[in-house]
Number of protein chains: 2
Amino acid sequence: MSEGKIWTAALVVIGDEILSGRTQDKNIAQLASWLNVQGIRLREVRVVADVPGSIGDAVIAMIADYDYVFTTGGIGPTHDDITVDSIAAALGVGVVIHPDARATLERYYETRGGLTEARLRMARVPEGSDLIVNKMSGAPGIRRGNLFILAGVPHITAGMLDALTGTLEGGRPLVSVTIGGFVPESEVADLLGATEKAHVGVSIGSYPFFKEGRVGANFVVRSEDIGQAEACSNQLTAALEERGYAITAGGI
Amino acid sequence: MSEGKIWTAALVVIGDEILSGRTQDKNIAQLASWLNVQGIRLREVRVVADVPGSIGDAVIAMIADYDYVFTTGGIGPTHDDITVDSIAAALGVGVVIHPDARATLERYYETRGGLTEARLRMARVPEGSDLIVNKMSGAPGIRRGNLFILAGVPHITAGMLDALTGTLEGGRPLVSVTIGGFVPESEVADLLGATEKAHVGVSIGSYPFFKEGRVGANFVVRSEDIGQAEACSNQLTAALEERGYAITAGGI
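Scope of this entry: the structure provided in the associated data block.

Conventions used here
- Residues numbered from 1 in each chain as written.
- Chains lettered and ligands numbered in written order.
- Predicted model: local features only at pLDDT ≥ 70, side-chain atom pairs only at ≥ 80, totals over all residues.
- Helix = DSSP H or I, 4+ residues; strand = E, 2+ residues; numbered from the N terminus.
- Buried ≥ 20, exposed ≤ 12 C-beta atoms within 10 Å, placed from the backbone.
- Contact = placed C-beta atoms within 7 Å.
- Pairing = 2+ DSSP bridges.
- Axes fitted to C-alpha atoms, helices over the stretch in contact; angles between N-to-C directions.
- Expected span 1.5 Å × (residues − 1).
- Arc of directions from axis to C-beta.
- Least-squares fit on C-alpha atoms with pLDDT ≥ 70 in both.

### A word on the overall build of chain A
When its secondary structure is counted, chain A shows nine helices and 12 strands. Within chain A, buried positions represent 47% of all 252 residues. Contacts spanning at least 24 positions in sequence make up 67% of the contacts within chain A whose residues lie at least 6 apart.

Encoded structure:
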């Protein structure tokens, strides 16, 4: 049962390659899992085209609605990397070369052909920003207040999240218990609804699947309190077994 | 280079299981690829929580901005399936049992225990809707004007898209040519920008990767005209090879 503030976040994926279907996004799931550990709930994701107005509008809207806003993508050295400029314009601030980012890039490229004009683009930040360390490839992520501008390549995004671990204020993580079985969800819909209603502070998600030619579902019991989630999941398991279904802890 | 109208679409993913990080979304990439074949551009995606207001607000906003709007998820028989009610409320219309959906479900469940109250939920549609055939599991998708309410389980979503293939008005599909190599994108940023600028109607996306311990990038040349995309890609390949990079057609 929730006590105190629930911290929320949104993600803006900058993303022609996602919208074209060429690339399967991995950052939504990655950020969602990471946020949950921080005690922060991912509440909304927007995938927008590589268009300045679309990026800016989405970021501004999300800042108004959530405690933390993350973006992924579009912070590299090429002409299609327009995230920093788009966000700065939307915020009404200038773009500056961050001296620490410049120094980091100078070191990184010292033995790799030097800091060219294109590479220096990766030191540009919206005025008033701090840096997020990127151990992978030198070019840093950017933090401006509660806005976090991250790389789009998933393992670099992961490195930046790693650098942020434990630095954001959050609440209690949401925990979940999953059970599953070859249960057609339409046969137990009444039971799911009644069980959720009987357990305040707990939600039950029902996720159908088809496997080995049979219909089944996993039921995910979520709560801020592991004890409550387990109590609810135990009761649901017992009720399903009473109806003759074999239930697997952890889901199928 | 565009001639005539560019048809646009948006997707609203209804999606606690995506936002929790539990499930990796597959419908964004699936819908994006399908739309492209129909000559329609996916321009925006929103992943929203299983909350009526969030679903309704997103759908209304997307309808105002794009030619077609799709939703995935939340149309099953259980208590957490609230998509139809949320959209109907946002549109200001009632929810009705669609007689054809009822008949379909009666046939489907005839040998599976009959049409219970929970299963009948899957025949409920916003007033004024038509059905989208679902060969996989009986419960239909829903079309209301240019709004398409689809299932969330990816292979059922796929079946519904299959039923819609060729029925939506679109323009020319965007085609792409991909080349790639172990090219640090920061070394060729100038070339990419200049090549794109020299080819009107063509865009070049640069997607860095790390593989076998080396830095590289794929360059995706997109256009409505395959001839223009190929001309641009050939010129870019020649220019990269002139700088000493080995380039692979199709990308790495």
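From this point, the discussion proceeds with the structure in view.
### So, the sheet that holds strand E8 (residues 147–150) of chain B
Across a sheet, strands are paired by hydrogen bonds formed along the backbone, either parallel or antiparallel in direction. One open sheet accounts for 12 strands, arranged E6(A)-E7(A)-E8(A)-E3(A)-E1(A)-E2(A)-E2(B)-E1(B)-E3(B)-E8(B)-E7(B)-E6(B); its pairing is mixed. Looking along the sheet, the strands with just one partner apiece sit at the ends: strand E6 (130–132) of chain A together with strand E6 (130–132) of chain B. Averaged over neighbouring strand pairs, the angle between their axes works out to 20° when direction is ignored. Taken together, the four bridges between strand E3 (residues 68–72) of chain A and strand E8 (residues 147–150) of chain A define a ladder with parallel strand orientation. Across the sheet, residue Thr-71 of chain A finds its bridge partner in E8 of chain A, namely Ile-149 of chain A. Where helix H3 (residues 52–65) of chain A meets the sheet, its contacts fall on strand E1 (7–14), strand E2 (40–48), E3 and E8 of chain A, and the angle it forms with E1 of chain A comes to roughly 175°.

### Points about the environment of Ala-88 of chain B
Relative to the assigned elements, Ala-88 of chain B resides in helix H4 (residues 83–91). Ala-88 of chain B sits 21 residues away from Tyr-109 of chain B along the chain, and the two C-alpha atoms are 26 Å apart.

### Let's talk about the interface of chain B and chain A
The interface of chain B with chain A comprises 45 residues on the first partner and 45 residues on the second. Listing elements by their share of the side of chain B that touches chain A, those giving two or more residues are helix H1 (16–19), helix H2 (27–37), strand E2 (40–48), helix H6 (117–120), helix H8 (189–198) and strand E10 (203–211) of chain B. Broken down by element, the residue count for the side of chain B that touches chain A peaks at seven residues, all from E2 of chain B. Pairing between E2 of chain A and E2 of chain B: five bridges, direction antiparallel.

### Looking at helix H9 (residues 226–242) of chain B
Residues and elements named next belong to chain B. When the terminal C-alpha atoms of H9 are compared, their 24 Å separation across 17 residues agrees well with the 24 Å that a helix rising 1.5 Å per residue should span. Of the residues making up H9, those classed as buried are Ala-229, Cys-232, Ser-233, Leu-236 and Leu-240. Buried positions in H9, seen along its axis, are confined to an arc of 100° and lie on one side of it. Exposed residues pointing more than 90 degrees away from the buried face of H9 are listed as Gly-227, Ala-238, Glu-241 and Glu-242. Looking at the buried positions of H9, the neighbouring elements they touch are strand E9 (175–181), H8 and strand E11 (214–223). In the stretch just after H9, Gly-244 is the one whose phi turns positive, near 100°.

### Digging into unusual backbone geometry
Note: most residues except glycine have negative phi, and most peptide bonds are trans. The backbone of Glu-212 of chain A shows a phi angle near 50°, a positive value even though the residue is not glycine. Following the sequence through the fold, Glu-212 of chain A ends up in the loop between strand E10 (203–211) and strand E11 (214–223).

### Some details on H8 of chain B
Listing the buried residues of H8 of chain B in full gives Ala-189, Leu-191, Leu-192, Thr-195 and Glu-196 of chain B. All buried residues of H8 of chain B fall inside an arc of 165° around its axis, so they share one side. The exposed set on the far side of H8 of chain B, more than 90 degrees from its buried face, consists of Lys-197 and Ala-198 of chain B. Residues of H8 of chain B that are buried in the fold lie against helix H6 (117–120) of chain A together with E10, E11 and H9 of chain B.

### Brief notes about the relation of the copies chain B and chain A
Note on the identical chains: chain B maps onto chain A by a rotation of 180° and an axial translation of 0.0 Å, with an RMSD of 0.0 Å. Between the two chains, the operation in question is that of a two-fold axis. Residues of chain B ranked by C-alpha distance from the rotation axis are headed by Arg-46 of chain B, positioned 2.2 Å from it.

### Quick notes on the sheet that holds strand E9 (residues 175–181) of chain A
All names here are of chain A. The four strands lie next to each other as E10-E11-E9-E12, forming an open sheet whose pairing is antiparallel. Each edge of the open sheet is held by one strand with a lone partner, namely E10 and strand E12 (248–249). Note: E10 against E11, nine bridges, orientation antiparallel. Paired with Ile-204 across the strands is Val-221, a residue of E11. Where helix H8 (residues 189–198) meets the sheet, its contacts fall on E10 and E11, and the angle it forms with E10 comes to roughly 155°. Against the sheet, helix H9 (residues 226–242) touches E9 and E11, its axis set at about 10° to E9.

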